[in-house]
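Letter by letter, the chains look like this.
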Amino acid sequence: MNDYYQFENNPEFHVWDMESYKDIDSKARFRNSWLSKYIRGEDAVIDIGCGPGYNVKILQDNGIKVLGIDLNELLVRRAQDQGLNVKKMDALEAIEEYGAEYNIYYMSDFVEHVPLHVVVKILEKISKQKNATVFLCTPNLDSIMGFKFWFHMPTHINAMHPFVIRKMLTQMSFTIVSEWSEYGNLPGVGWKYKLRKKFLELLLGTQAQLFIGGANINFIAKTKA
């Protein structure tokens, strides 16, 4: 598979190796991730900016109703060839048409690829739905590892600091129910982690967070019932 894709007449160059569908252990990934904690059999998920549909496959294989949407025709066809429920569709159009059927909106590695005003419109539209949940994952610009991840992908255009994401979600009346960073966090658990964290805070003060957080920042937020 060529890692050079065409997206609305603009080249999108992927520096990560494309994963093989057959290498995805859907059951294990579902069981060992946030998915099993926050998604139940009665839930229905729209994966916004799903790409080739790897997360769609994981959810679909675990009996979760899921719709993947993307504007990249090549990736949509690739997902459809694997029997995945993926459509070429704009996010606002999908929320308008399918919002009554789906209660979870999954945006992993998406918001950094689209302009800020697009992210705002999508979140505003979701915020008007009752009992909706948003999962958002993007490079953690409050950590050195996050900056490293940011520059791995030349098509990143929207830098969203965790502080900005928190403010945006709360101002739109979402309730943030969980937040965490991952990949490259300060190592250790228990007293070892606390000791390292304390040492960095004493040494670097307010800049210590740059060396504590992981490469990605994750948010789970809910709308009002």
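Numbering of residues starts from 1 in each chain and follows the order in which that chain's sequence is written. A pLDDT threshold of at least 70 governs which residues receive local features in this predicted model, and a stricter bar of 80 or more applies before side-chain atom pairs are shown or counted, although totals over entire chains, interfaces and linings include all residues. Calculation of side-chain values draws on the structure's entire complement of heavy atoms; hydrogens and water are dropped beforehand.

A. Region of interest: the sheet that holds strand 6 (residues 104–108). One requirement defines pairing of two strands: DSSP has to find at least two bridges between them. Labels follow the DSSP assignment, with helices taken as runs of H or I lasting at least four residues and strands as runs of E lasting at least two, numbered in each case from the N terminus. Strand order in the open sheet made by the 7 strands is 5-4-3-6-7-9-8, with mixed pairing throughout. Each edge of the open sheet carries a strand with a single partner, namely strand 5 (86–88) and strand 8 (175–182). Neighbour to neighbour, the strand axes of the sheet diverge by 15° on average, direction disregarded. Summarising the sheet, strand 3 (residues 44–48) and strand 6 pair through 3 bridges and their orientation is parallel. Each bridged residue has a counterpart across the sheet, and for Val45 the counterpart in strand 6 is Ile104. Contact between two residues is taken to exist if any of their heavy atoms lie within 4.5 Å; hydrogens are not considered. An axis is simply a line fitted to the C-alpha atoms; with a helix, the fit covers only the stretch in contact. Between two such axes, the angle follows the N-to-C directions and lies from 0 to 180 degrees. Strand contacts of helix 8 (residues 162–171): strand 7 (133–139), strand 8 and strand 9 (216–222), with the helix running at about 10° to strand 9, the strand carrying the most contacts.

B. Structural view of the side chain of Ser26. Inspection of the secondary structure assignment puts Ser26 in helix 1 (residues 26–31). Looking at Ser26, the relative accessible area reads 6%, which means it is buried. Three labels apply to residues, based on accessible area from a 1.4 Å probe with only protein chains included: buried if under 20% of the type maximum, exposed if over 50%, partly exposed otherwise in between.

C. Quick peek at helix 6 (residues 116–127). Here the expected span of a helix is defined as 1.5 Å times the quantity of residues minus one. Here helix 6 is 12 residues long and its end C-alpha atoms lie 16 Å apart, about the 16 Å a rise of 1.5 Å per residue gives. All of the buried residues in helix 6 are Val119, Ile122, Leu123 and Ile126. Here the buried residues of helix 6 occupy an arc of 95° about the axis, which is enough to place them on one side. Residues of helix 6 that are buried sit in contact with strand 3, helix 5 (91–98), strand 6, strand 7 and helix 8. Here, the arc refers to the directions that run from the helix axis to the C-beta atoms.

D. Fine view of the side chain of Thr223. Looking at where Thr223 falls in the secondary structure, it is placed in the segment after strand 9. In protein, a polar contact requires one atom able to donate a hydrogen and another able to accept it; more generally it is a pair of N or O atoms within 3.5 Å, and residues adjacent in sequence count only if both atoms are side-chain atoms. Here Asn131 takes part through its backbone nitrogen, which lies 3.2 Å from a polar atom of the side chain of Thr223. From its side chain, Thr223 meets the backbone nitrogen of Ala132 in a polar contact 2.8 Å long.

E. Molecular detail of unusual backbone geometry. One non-glycine residue, Asp109, lies in positive phi territory at about 55°. Here Asp109 is to be found in the loop between strand 6 and helix 6. On the basis of relative accessibility, which here comes to 41%, the residue Asp109 falls in the partly exposed class. The backbone phi angle of Asn131 is positive, close to 55°, even though this residue is not glycine. The residue Asn131 is located in the loop between helix 6 and strand 7 in this model.

F. Representation of the nonpolar core in the model. In this text, buried Ala, Val, Leu, Ile, Met, Phe, Trp, Tyr and Cys residues form a nonpolar core when linked through side-chain atoms within 4.5 Å. One finds Ile48, Met107, Leu123 and Ile126 to be the most contacted residues of the largest nonpolar core, which totals 32 residues. Within the residue set of this core, elements represented by two or more residues are strand 3, strand 4 (65–70), helix 5, strand 6, helix 6, strand 7, helix 8 and strand 9. If we skip the residues at most four places from it in the chain, Ile126 touches Ile95, Tyr105, Met107, Ala132, Val134, Phe174 and Thr223. In terms of nonpolar packing, the next biggest core, distinct from the first, is built from 23 residues, Tyr54, Ile58, Val76 and Val86 among them.

G. Quick peek at the environment of Ile212. Of note, Ile212 is situated in the loop between helix 9 (190–204) and strand 9. Taking relative accessible area as the criterion, Ile212 reaches 6% and is therefore assigned buried. Note: C-alpha distance between Ile212 and Ser143 (69 residues apart in sequence) is 6.9 Å. The residues contacting Ile212, other than those within four sequence positions of it, are Asn185, Leu186, Tyr193, Lys197 and Leu200.

The analysis is restricted to geometry; functional conclusions fall outside its scope.
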